[in-house]
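Fold and contact review
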Amino acid sequence: MKLGIVGLPNVGKSTLFNSLTNAGALAANYPFATIDPNVGVVAVPDNRLKQLGDLYHSKKVTPATIEFVDIAGLVKGASKGEGLGNQFLANIRETDAIVHVVRCFEDPNVVHVDGSVDPTRDIETINLELVFADLEVLERRIAKTAKTARMDKTAAKELETLNKIKEVLEADKMARELEFEDPEELAFVNSLDLLTWKPVIYAANVKDEDLADDGASNQYVAAVRELASKSHSEVFVISAQIEAEISELDEGEKAEFLESMGLTESGLDKLIAASYKTLGLMSFLTSGEDETRAWTIKIGTKAPQAAGKIHTDFERGFIKAEVINYQDLLREGSIAAAKEKGLVRMEGKEYVVQDGDVILFRFNV
């Protein structure tokens, strides 16, 4: 999973990125502090892996990962070359979703690029820049496709789709407001890597005192939630500053620190949950003496395609999947004990993999 982080300058983007990835990206209280795209890979916390790794005495435990791409803050006019953000928009075109960090706190010591805190305005500023950036891409694609559309039915259909999207963007709306039922048309739209087509997760950055009630008493967070609800987008509340402090602690200290603040999960945990929900993802597990590993797949994936995540040969030569729920396996203490109780199932090609399945694939090529 790959997530692009966007926002205005000085909203806490790079501080959040640093704390999520410990990548040491430059963070400073002035616009354009981030002049190169920062990329960091984060392990997805998953207690199931450690438990299964201990059970099998695995030599290696490999979690699922999320790649974060942080770009310079976008400002009004970025698509026309204002500021530095536009130079890096290409870096987030290949992400699965966009994390939009929105400032939801007052602080006279932290400059706001537009002079005041207004989440609705700030979100609209970023959205418009993404719209303009996509229009630029579309116009080039339309000009190219139009040359072959007269003689080529596929190109003619693509041109129709491109113009449909262009019309929506020209009305200052996001491409994701469109719905495409034709699988071929949908595949074509997905291939365009449009920024306004990607799902958005809003990170409402608050002061630490607003964390305990999840921003319920913060008027700015309320504004973000209201706006996000119109596009069915996820919102999670974080304090980038607190995340920075948490990132310096070890696991034991982290739990104590969160408890002392009346919190049950970190911002990273919230973001991962929101990301999985937004993208319709889940994890199945493989476990053995060599390695215990989490594999991220789309909800609804069938066994052969899940096997293909491990290796294309597994999908090509799929025979059966030996499946057990991780809780059943841990409770019984071994795969042999679980088999005795009939808890291990042999599933075929139509089996839809469930979150937390521990699977051994049988294949032949």
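**A word on the pairing of strand β2 (residues 38-43)**
Residues N38, G40 and V42 of β2 are buried on one face, while the alternating residues V39, V41 and A43, pointing to the opposite face, are not. Bridge count for β2 against strand β4 (residues 65-70) is 6 bridges, and the pairing is antiparallel. Bridged to V39 within β4 is V69.

**Concerning helix α6 (residues 219-230)**
Between its first and last C-alpha atoms α6 spans 17 Å; for 12 residues at 1.5 Å apiece the expected length is 16 Å, and the two agree. Where α6 is concerned, the buried positions are Y220, V221, V224, L227 and A228. When α6 is viewed along its axis, its buried side chains cluster within an angular range of 130 degrees and face the same direction. Opposite the buried face of α6, at more than 90 degrees from it, the exposed residues are Q219, E226 and K230. The secondary structure elements touched by the buried residues of α6 are β5 (97-103), α3 (119-149), β6 (200-205) and β7 (234-238). For α6, the capping residue at the N-terminal end is N218, with a side-chain oxygen 2.7 Å from the backbone nitrogen of Y220.

**Observations concerning the packing of aromatic side chains**
Per the counting criterion, the structure on display carries 5 aromatic pairs. Residues F284 and W295 carry aromatic rings whose centres are separated by 6.5 Å and whose planes lie at 15 degrees to one another, so their mutual orientation is stacked. Highlighted residues: F284 in strand β8 (residues 281-287) and W295 in strand β9 (residues 291-298), separated in sequence by 11 residues. No difference in accessibility class separates F284 from W295, as the two residues are buried. The rings of F284, W295, F318 and F361 are connected pair by pair, giving a single aromatic cluster. Against the face of Y326 rests R48, its NZ or CZ located 5.4 Å from the ring centre. Above the ring of W295, the side-chain terminus of R293 is found at 4.1 Å from the ring centroid.

**Thoughts on the nonpolar core**
The biggest cluster of nonpolar side chains holds 68 residues, and the ones touching the most others in it are L3, F68, L89, C104, Y202 and L271. Apart from the residues within four sequence positions on either side, L3 is in contact with I66, E67, F68, V69, T95, A97, V99, L271, S275 and L279.

**Digging into the packing of helix α4 (residues 153-170) against helix α5 (residues 183-191)**
Interhelical geometry of α4 versus α5 gives an angle of 60 degrees and a closest axis separation of 11 Å. With respect to the hand of their crossing, α4 and α5 are arranged in right-handed fashion. Judged by residue contacts, K157, E158, T161, L162, K164 and I165 of α4 engage E184, E185, F188 and V189 from α5.

Thresholds, definitions, all that
- Residues numbered from 1 in each chain as written.
- Predicted model: local features only at pLDDT ≥ 70, side-chain atom pairs only at ≥ 80, totals over all residues.
- Heavy atoms only, no water.
- Buried < 20%, exposed > 50% of the residue type's maximum accessible area, 1.4 Å probe, protein only.
- Helix = DSSP H or I, 4+ residues; strand = E, 2+ residues; numbered from the N terminus.
- Pairing = 2+ DSSP bridges.
- Expected span 1.5 Å × (residues − 1).
- Arc of directions from axis to C-beta.
- Contact = heavy atoms within 4.5 Å.
- Polar contact = N/O pair within 3.5 Å; in protein donor to acceptor, adjacent residues only side chain to side chain.
- Phe/Tyr/Trp six-rings, centres within 6.5 Å; stacked < 30°, edge-to-face > 60°.
- Lys NZ or Arg CZ within 6 Å of the ring centre and 35° of its normal.
- Core = buried A, V, L, I, M, F, W, Y, C linked by side-chain atoms within 4.5 Å.
- Axes fitted to C-alpha atoms, helices over the stretch in contact; angles between N-to-C directions.
- Left-handed = near helix turned anticlockwise from the far one by under 90°.

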